[in-house]
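For reference, the chains in residue letters:
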Amino acid sequence: MHSSDAIAAGAAKFPKPADRTFQYGTAGFRMKASLLDSVVYRVGLLAALRSRKLNGQTIGVMITASHNPPDDNGVKLGEMLEASWENHATTLANAKNEHALVETYELLTDNLNIKPEAKSRVVFARDTRASGPHLVTALVEALNATGTESTDCRVLTTPQLHYLTRCINTKGTVYEYGEPTEQGYYKKLAVAFNTAMQGAKFSGPVTVDCANGVGGPKLRELIKHLPSVSDGGVEIKVVNDDIVEPEKLNHLCGADYVKTGQRAPPSSQAAPLARCASLDGDADRIVYYFLDSDSTFRLLDGDRIATLAALFIGDLARSAGLGEKLKVGVVQTAYANGSSTAYIENDLRLPVVCTPTGVKHLHHAATKFDVGVYFEANGHGTVVFSDLALKRLFKYEPKSPAQSSSLNTLRALSHLINQTVGDALSDLLLVEVILAHKGWGPKEWDQTYTDLPNRLVRVEVADRNIFKTVDAERKLEKPEGVQALIDGLVGKYKQGRAFARASGTEDAVRVYAEASTRGEADDLAAKVAGIVK
Ligand code: 16G
Ligand code: ZN
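The structure presented is a predicted model; accordingly, all values stated were derived computationally and were not measured.

Chemist: What is the right way to read the environment of G178 from this model?
Modeler: One can find G178 in the loop between α6 (158–170) and α7 (182–196). Overall, G178 belongs to the partly exposed group, its relative accessible area being 23%. Residues G178 and H380, 202 residues apart in the sequence, show an inter-C-alpha distance of 23 Å. Ignoring anything within four residues of it in the chain, the contact list for G178 reads Y163 and C167.

Chemist: Would you take a moment to explain the sheet that holds strand β13 (residues 371–375) for this structure?
Modeler: Strand pairs in the sheet, formed through backbone hydrogen bonds, run parallel or antiparallel to each other. Taken together, four strands build an open sheet; the order of strands is β12-β11-β13-β14 and the sheet is mixed. The sheet is open, and its two borders are formed by β12 (352–355) and β14 (381–385), each paired with just one other strand. For this sheet the average axis-to-axis angle between neighbouring strands, irrespective of direction, equals 20°. Sheet analysis places strand β11 (residues 328–333) next to β13, joined by four bridges and oriented parallel. Directly across from V328, in β13, lies its bridge partner V371.

Chemist: Sorry, what's going on with the site of ligand 1 here?
Modeler: Residues in contact with ligand 1 amount to 14 residues; listed here are only the nearest, E376, S503, G504, T505 and R510. In the environment of ligand 1, an oxygen atom lies 2.9 Å from a nitrogen or oxygen atom belonging to the backbone of V359. Contact between ligand 1 and E376: an oxygen atom at 2.3 Å from a side-chain N or O atom of the residue. Here ligand 1, which alone exposes 450 Å², has 86% of that area covered by the protein.

Chemist: I'm lost on α7 in this one. Help?
Modeler: Residue pairs spaced three or four apart in an α-helix point in one direction, given the helix's 3.6 residues per turn. Taking 1.5 Å of rise per residue, the 15 residues of α7 would be expected to cover 21 Å, and the 21 Å separating its terminal C-alpha atoms lies within 8% of that figure. Among the residues of α7, G184, Y185, Y186, K188, L189, A190, A192, F193 and A196 are the ones counted as buried. Considering only its buried residues, α7 is in contact with α6, α8 (215–225), α14 (401–416) and α15 (424–438).

Chemist: Would you mind showing me how to read the coordination of the zinc ion (ligand 2) here?
Modeler: Only S66 (OG), D280 (OD), D282 (OD) and D284 (OD) from the protein coordinate the zinc ion (ligand 2), and they sit 2.0 to 2.2 Å from it. Taken together, the four donor atoms surrounding the zinc ion (ligand 2) define angles of 84 to 173° at the centre, an arrangement classified as irregular. In the primary sequence, the donor residues of the zinc ion (ligand 2) line up as S-x213-D-x1-D-x1-D. No difference in accessibility class separates D280 from D284, as the two residues are buried.

Chemist: Where do I start with the packing of aromatic side chains in this structure?
Modeler: For any pair of aromatic rings, the description consists of the separation of the ring centres together with the inter-plane angle of the planes. If you walk through the whole model with that rule in mind, you get 12 aromatic pairs. An angle of 35° between the planes, with centres 5.6 Å apart, marks the rings of Y289 and F297 as tilted. Chaining the aromatic ring pairs together yields one cluster made of Y163, Y177, Y185 and Y186. For R50, the ring lying beneath its charged end belongs to W85, and the centroid distance is 4.8 Å. The ring of Y449 carries R304 above its face, with NZ or CZ at 3.8 Å from the centroid.

Chemist: What is the right way to read unusual backbone geometry from this model?
Modeler: Trans is the prevailing form of peptide bonds, just as negative phi is the prevailing case for residues other than glycine. Backbone torsion omega between K478 and P479 reads -5°, so that peptide bond is classified as cis. Among the secondary structure elements, P479 is positioned in the loop between β17 (475–478) and α17 (482–490). Despite not being glycine, L252 has its phi angle at roughly 55°, a positive value. Secondary-structure assignment places L252 in the loop between β7 (236–239) and α9 (255–261). With relative accessibility at 43%, the residue L252 sits in the partly exposed group. Even without being a glycine, A283 presents a positive backbone phi close to 60°. Position of A283 relative to the elements: it lies in the loop between β8 (275–279) and β9 (286–291). Residue classification places A283 among the buried positions, given a relative accessible area of 0%.

Chemist: Would you explain the pairing of β11 in this entry?
Modeler: Remember that side chains alternate between the two faces of the sheet whenever the strand is regular. The buried fraction of β11 amounts to six of the six residues, a majority that puts the element mostly inside the structure. Here β11 shows a buried face lined by V328, V330 and Q332 and a second buried face lined by G329, V331 and T333. Pairing between β11 and β12: four bridges, direction parallel. Looking across to β12, one finds that T333 is bridged to T355. Note that the unit made of β11, helix α11 (residues 338–347) and β12 has a crossover that is right-handed.

Chemist: Sorry, what's going on with the pattern of salt bridges here?
Modeler: For side chains bearing opposite charge, pairing can occur when the charged atoms are close. Applying the stated criterion across every chain yields a total of 33 salt bridges. With a shortest N-O distance of 3.4 Å, D522 and R518 are connected by a salt bridge. In this pair, D522 and R518 are both assigned in helix α18 (residues 518–532), four residues apart and thus about one turn of the helix distant. Members of the salt-bridge network, linked through shared partners, are R298, R304, D446 and D451.

Chemist: I'm lost on the state of the cysteines in this one. Help?
Modeler: As used here, a disulfide is simply a covalent bond connecting the sulfur atoms of two cysteines. Summed over the entire model, instances satisfying the criterion amount to zero disulfides. With no disulfide partner, C167 has as its closest neighbouring cysteine sulfur the one in C153, 11 Å distant. We classify C167 as buried; its relative accessible area is 0%. Unpaired in this structure, C276 has its nearest cysteine sulfur neighbour in C210, at a distance of 12 Å.

Chemist: Can you walk me through the domain arrangement of the chain in this structure?
Modeler: How big an interface is tends to be stated in terms of the accessible area lost upon association of its parts. In terms of domain boundaries, the chain breaks down into domain 1 (3–155), domain 2 (186–297), domain 3 (302–446) and domain 4 (454–532). Inter-centroid distance (C-alpha atoms) of domain 3 to domain 4 is 30 Å. On the side of domain 4, 11 residues touch domain 3, which itself brings nine residues to the contact. In total, domain 3 and domain 4 occlude about 820 Å² of area from one another, counting both sides; carbon and sulfur atoms represent 53% of this. When the buried area of domain 3 at its contact with domain 4 is split by residue, A334, Y335 and C354 rank highest and sum to 61% of it. Remark: the boundary between domain 3 and domain 4 carries zero salt bridges.

Chemist: Looking at this structure, how should I read the sheet that holds strand β6 (residues 206–209)?
Modeler: What the five strands build is an open sheet, ordered β7-β6-β8-β9-β10; its pairing is mixed. Across the chains shown, the open sheet's two edge strands, defined by having one partner strand only, are β7 and β10 (297–300). Neighbour to neighbour, the strand axes of the sheet diverge by 25° on average, direction disregarded.

About the criteria used
Each chain has its residues counted from 1, following the order in which its sequence is written. Chains carry letters from A onward and ligands carry numbers from 1 onward, assigned in written order. Totals for whole chains, interfaces and linings use all residues, but because this is a predicted model, local features are given only for residues with pLDDT of at least 70 and pairs of side-chain atoms are given and counted only at 80 or more. Side-chain calculation: all heavy atoms of the structure are included, whereas hydrogens and water are not. Only DSSP runs of H or I with at least four residues qualify as helices, and only runs of E with at least two residues qualify as strands; both kinds are numbered from the N terminus onward. With a 1.4 Å probe rolled over the protein chains alone, any residue whose accessible area is under 20% of its type maximum counts as buried; one over 50% counts as exposed, and the rest are partly exposed. Whether two residues are in contact is decided by their heavy atoms: any pair within 4.5 Å suffices. Any two strands are treated as partners once DSSP identifies two or more bridges connecting them. Here an angle of 0 to 180 degrees is reported between the N-to-C directions of two axes, which are lines fitted to C-alpha atoms, with helices fitted over the stretch in contact. For this description, a residue counts as near a given molecule or strand if any of its non-hydrogen atoms is within 4 Å of it. Two N or O atoms count as a polar contact when they lie within 3.5 Å, although within protein this holds only if one can serve as hydrogen donor and the other as acceptor, and sequence-adjacent residues are included solely when both atoms are side-chain atoms. Each accessible area is a Shrake-Rupley result for a 1.4 Å probe, and residues are judged covered by the shown protein chains and nothing else. Under the convention used throughout, the expected extent of a helix is 1.5 Å for every residue step, that is, one less than its residue count. Atoms of type N, O and S within 2.8 Å of a metal are treated as its donors, and for Na, K and Ca the window is 3.2 Å; water is not considered, so some sites may appear to be missing partners. A site with four donors is called tetrahedral when every donor-metal-donor angle falls between 85 and 135 degrees; four donors are called square planar, and six octahedral, when opposite donors sit more than 155 degrees apart and all other angles fall between 65 and 115; any other arrangement is irregular. Ring pairs are drawn from Phe, Tyr and Trp, using the six-membered ring of Trp, whenever the two centres fall within 6.5 Å, and their geometry is named by plane angle: stacked under 30 degrees, edge-to-face over 60, tilted for the rest. Comment: the charge-over-ring label is applied if NZ (Lys) or CZ (Arg) is within 6 Å of the ring centre and within 35 degrees of the ring normal. When the strands point away from the viewer, a crossover counts as right-handed if the route from the first strand across the helix to the second turns clockwise. Definition used for salt bridges: Asp or Glu carboxyl oxygen within 4 Å of a side-chain nitrogen of Lys or Arg. For this text, the term disulfide refers to a pair of cysteine sulfurs within 2.5 Å. Boundaries between domains were set according to an automatic or database domain assignment. Throughout, buried area stands for the accessible area (probe radius 1.4 Å) lost by two parts on being put together, summed over both.

Okay, here's the thing in C-alpha cells:
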C-alpha cells in the first residue's frame, strides 16, 4: 500500500473527536485517556517525520500523564521540542479527518524538506496506566503506516526512556552514554553510586513514596543493583508502590500531592527527623520532606535539591583544584523561593539564571554553564555537565590525595546524574550521596537557609490568553496597566514579590506571592489575584 493510503487507513481507525481542539503544550498532549487515540496516532506520524528530518536519529515517544489522575493519559516526544515542532504536532492533531491529515502530513514533509524515503526510528514506552496498552496500538499503527522501525520498551519511567534514546543515538561515538537497555540504566547508576559513596556513610533509612506509579517497580529493580544495607548501602524503604489497582495512582500520595498541599501522604508512618521522599507518576520529579522534632511538616523541594547540589558540586570542584575551570551555575524559575536565590548568590556565590516555567527552558539555560544545576520548585530537575567540562574533569591530573578524592566523587556524579532530563531515581541517589558525605540529616539540610513564606493561588479567568509575560514570567506586559498595579502592591510588603502567569496546562492564571510573614504573603497573593480576576 502507498504510504499515504496506509496513513489514511490507520487514521480512520482512530478518528478525531469532532468537538475537540488539541494543543501540544509544556506537558505534550494530556487529557482524559478516552479522548487520546487520534492524538497518539498523530504523534506517531510526527515522530516519524522528526526522525526522518534528523536522518534516522531515534526519537523517543512516551505515553504518560505524570501526576494527573489515573483516568488521564498523555503523549509527548522524548526530546525537548522546539516551538515550531510543537506547532506541527498541534496542526497534525487537529486535522479534521483522515484526508485532511494525509494532506497535512504531506505538506509538512514538503515544507520541512523531509525525504520520504529516509529511515525513521522510534522507541516508545508507557507508564502503568490502564489506558497505556490501548494507546500503544494507535502509536504502532502510525509507525507501521509510515514504515518506521520501532521498539516497544513497554513500561518505563520517562527518564529511563530518555536514557535509552540518548544511548542509542550516541552508540559508537565519543559521547557514548551507556548500554541501551533498562538493565544498563540500573548498572550505570549503581556503579556511579558506589564510586560516589567512597569515604561517606549513611545514617538511617529513606522512605520513598512512589505515587503507586511506575517508579515503584523500577526503584525496587534499582535497589537490587545497589549495595545491601549490611554492606554499607543506603536503606531505601519503598512505599505506595501498588500498580495493580490503577485507581491508586497519584491518589493521596506522590510528589505533586506533597508539594501542592505541603503535607505528607496520609499513609506516611515516618517518625520525626526521618527523611522521606515522594516521586510523581512517571518518576521524573522528586521532593523530600520530614517531620520536625515537634512534628511540624517540613518540605525540601526542588529549590532545596538545587541548592544542596550546587553547594556540594561547587565545593568538590574547588577541592579538586578545578574551581576556575568548572563554572557552576544554577537555573530556576520565578517560583523559586527568594531565599533560595539569595542563598545561592550570596552564600554559595554562584550565578543564578531565571527562565520561564517548563523543563526545556531550564535545561537549555543550564547547558550554558560548565556545570548547570536546574530544578523547578516542584522537584523536576537535574545537573548537566557540558562536553568541555567533562573533558576537563576526566583529563585533569590531581595534585594531592585530597584533590584525587574530590575528583573521583565529581566524576562519579557526572555518571550518576541523568544528563538527559530530570530523573527522580537518579536525583534520589544524588541527594543520598550528598547527605552521606556531609553527615547531614534532613534538619541540617533544611537549616541551610530559611524559606520566605509564600502562597500560590489558582485564579479562574474569562480568557487566560490575554495574559502575556516578559522577563521570565516575572512581569506582565499585557493586559496593559496590570503590572503597574501589582508593583504598587508589592512595594507595600516587606521582602514582597509577586507575579501572575497563565498556566500552560490548565485553563487558569497562577499567582505566586512571597513576603516576610505568612499573613503578608497570603494577603499579597489574594490582592494580586483580585487584580487579575
Ligand atoms: C509542565 C512542565 C513542568 C511545569 C508545569 C507547569 C515539563 C516536562 N513539564 O508539566 O515542568 O512545572 O508544566 O504547569 O516541562 P503550569 O503551566 O500549569 O503552571
Ligand atoms: Zn512527571
